[in-house]
Amino acid sequence: MAFGGNPVFRGKNFRSAVTTAPPVPHAPYGQQPYGQQNPYGQPYGQQAPYGQMSPEQLDQMYKAPSAGPVETGRMTYDDVIMKTLACLGFVVVGAAVTLFVPAGAAMGLMVLGAIGGFVLALVNSFKREPVAGLILAYAALEGLFLGGITRVIDSIAPGVGFQAVLGTVAVAGVTLALYKSGKVRATPGLMKFFLIAIVGYLAFSLINLGLVMFGVVSSPWGLRGITIMGIPLGVIVGLIAVVLAAISLILDFNSIEQGVRAGAPRRFAWTAAFGLTVTLVWLYTEILRLLAIFNSND
């Protein structure tokens, strides 16, 4: 069973929850579904002898549905959707705080969000059991960071923050639609490409950060500010990063689908929501930076 490139889904805890999940129980043939009460008036644990049941009772028994994922405590798509919306709601609230407080306070909150979000991302990734409070706290801290960085860039290139939000919604929506339609799938080849490409992208980002920190390049964007045939390198790299984030979403959707089909415990819907939030935060950051570099070269 293959899992995506997101470290949240590739981690041992989510993988073991999916691969070791017991099969979803079904009602034994000729017996009542698991977790349902006896509709025939007999005391619990007692059944009328087979020969004393009427044909109507037997027909009702055989047609009765077995217990679904909700009744058996299994993860469902609805669980993942609702918990992801909760996480995104906390991201929005955190972003609103840094967007509307005084500029000095916003910078402090942005740094707090960046450091705190990174720490809680590691904590949530390695915890054996998902903790809703820690995941929501991570989302709120990421909101502080995203709101702060959006405020800084929006002061240089007005309007890019709103454009980045629209771009993130558009990319995520199109990716989900393509995945649901079956036009794109998480194949082993796609996962291999993603892992190789993301390692290369991370290496470029670390080298670029080092060059900026030590003053080797004068542009605040580092190597991204270099132009190739009139096109900033940052635009080319940014487009590649957005594609990688979209591929990561495809792999995330595949991991969630595997979890639901395998009957993973319901609490791991929080892990799925956390993983999706991590990818969406990355996607927004890349689109925001791409738009900022593009606008700075107008």
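This report concerns the structure included in the present document. Note that the coordinates shown come from a computational prediction; the quantities given were computed from them, not determined experimentally.

1. Structural notes on the packing of helix 4 (residues 77-100) against helix 10 (residues 269-296)
Next, step 1: The interhelical angle for the contact between helix 4 and helix 10, taken along N-to-C directions, is 45°, at an axis separation of 8 Å. Considered as vectors, helix 4 and helix 10 are oriented oblique to each other. Crossing of helix 4 against helix 10: the hand is right-handed. For the pair helix 4 and helix 10, the contacting residues are Asp 79, Val 80, Lys 83, Thr 84, Cys 87, Leu 88 and Val 91 in the first and Ala 269, Trp 270, Ala 272, Ala 273, Leu 276, Thr 277 and Leu 280 in the second.
Next, step 2: Here the contact of helix 4 with helix 10 is built from residues that sort into 10 nonpolar, 2 polar and 2 charged.

2. Brief notes about empty space enclosed by the protein
Next, step 1: One pass over the full model with this rule turns up 2 cavities of 30 Å³ or more.
Next, step 2: Volume-wise, the largest cavity comes out at about 100 Å³.
Next, step 3: As for the largest cavity, its lining consists of 14 residues, of which Asn 13, Asn 124, Ser 125, Lys 127 and Thr 271 are closest to the centre.
Next, step 4: Of all the elements in the fold, those that place two or more residues in the lining of the largest cavity are helix 2 (12-19), helix 5 (103-126) and helix 10.
Next, step 5: Class assignment for the residues of the lining of the largest cavity results in 6 nonpolar, 5 polar and 3 charged.

3. Quick word on the pattern of salt bridges
Next, step 1: The tally for this structure, following the rule as stated, stands at 5 salt bridges.
Next, step 2: Of the charged contacts, one joins Glu 286 and Arg 289 as a salt bridge, the two residues approaching to 3.1 Å between their closest N and O atoms. Of the two residues, Glu 286 and Arg 289 both sit in helix 10, 3 residues apart, roughly one turn of that helix.
Next, step 3: A network of salt bridges, in which partner residues are shared, links Arg 185, Glu 257 and Arg 261.

Procedures and definitions
- Residues numbered from 1 in each chain as written.
- Predicted model: local features only at pLDDT ≥ 70, side-chain atom pairs only at ≥ 80, totals over all residues.
- Heavy atoms only, no water.
- Axes fitted to C-alpha atoms, helices over the stretch in contact; angles between N-to-C directions.
- Helix = DSSP H or I, 4+ residues; strand = E, 2+ residues; numbered from the N terminus.
- Parallel < 35°, antiparallel > 145°, perpendicular 65-115°, else oblique.
- Left-handed = near helix turned anticlockwise from the far one by under 90°.
- Contact = heavy atoms within 4.5 Å.
- Nonpolar A, V, L, I, M, F, W, Y, C, P; charged D, E, K, R; others polar.
- 1 Å grid on protein atoms, 1.4 Å probe; cavity = no way out; pocket = protein on both sides within 12 Å on 5 of 7 lines; lining within 4 Å.
- Points joined across faces, edges and corners; volume = space filled by probe spheres on them.
- Salt bridge = Lys/Arg side-chain N within 4 Å of Asp/Glu carboxyl O.

As far as function goes, none of this settles anything; it's purely spatial.
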